[in-house]
Amino acid sequence: EVAAEKVLLKAAGIKVKHIPFKWKELESTKKACEQTIDALNFITDTASKKGENVFFHCTVGEDRTGLLAGLYRIANQNWSV
């Protein structure tokens, strides 16, 4: 799935950075928190660059996308919890 999406995005002239985000069967909750912080930092750094946009999603659609979107908006757009 991801490989096919990358091909389509590149064909449309969109830069692609695939960041695997392991969610299930993690060795610890610490690892889940570290991945979340890393992903949030990447989204924040990229979105702050002029002319750059970020598109992110989860191939499963269970909870990662909503988690990251919510955290981004709380941290960067002054949304409340």
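Before any of the text, the structure's been laid out above.
Draft legend 1. Structural context of the overall build of the protein chain. Counting its regular elements, the protein chain contains 3 helices and 0 strands. Seen in sequence order, the protein chain has helices and strands lined up from the N terminus as α-α-α. Principal axes of the C-alpha set define a box for the protein chain whose edges measure 35 × 30 × 15 Å. When burial is assessed residue by residue, the protein chain has 16% of its 81 residues classed as buried. For the protein chain, the centre of its 12 positive side-chain charges and the centre of its 10 negative side-chain charges are spaced 7 Å apart.

Draft legend 2. Representation of unusual backbone geometry within the structure. If you check the backbone angles, Asn78 has positive phi at about 60° while not being a glycine. Assignment of secondary structure puts Asn78 in the segment after helix H3 (64-76). On the accessibility criterion, Asn78 (71% relative accessible area) is exposed.

Draft legend 3. Representation of the side chain of Gln35 in the model. Locating Gln35 in the fold gives a position in helix H2 (residues 29-47). Aside from chain neighbours lying at most four places away, what touches Gln35 is Phe21, Lys22, Trp23 and Leu26.

Criteria and thresholds
- Residues numbered from 1 in each chain as written.
- Predicted model: local features only at pLDDT ≥ 70, side-chain atom pairs only at ≥ 80, totals over all residues.
- Heavy atoms only, no water.
- Helix = DSSP H or I, 4+ residues; strand = E, 2+ residues; numbered from the N terminus.
- Buried < 20%, exposed > 50% of the residue type's maximum accessible area, 1.4 Å probe, protein only.
- Lys, Arg positive; Asp, Glu negative; His and termini not counted.
- Charge placed at Lys NZ, Arg CZ, Asp CG, Glu CD.
- Contact = heavy atoms within 4.5 Å.

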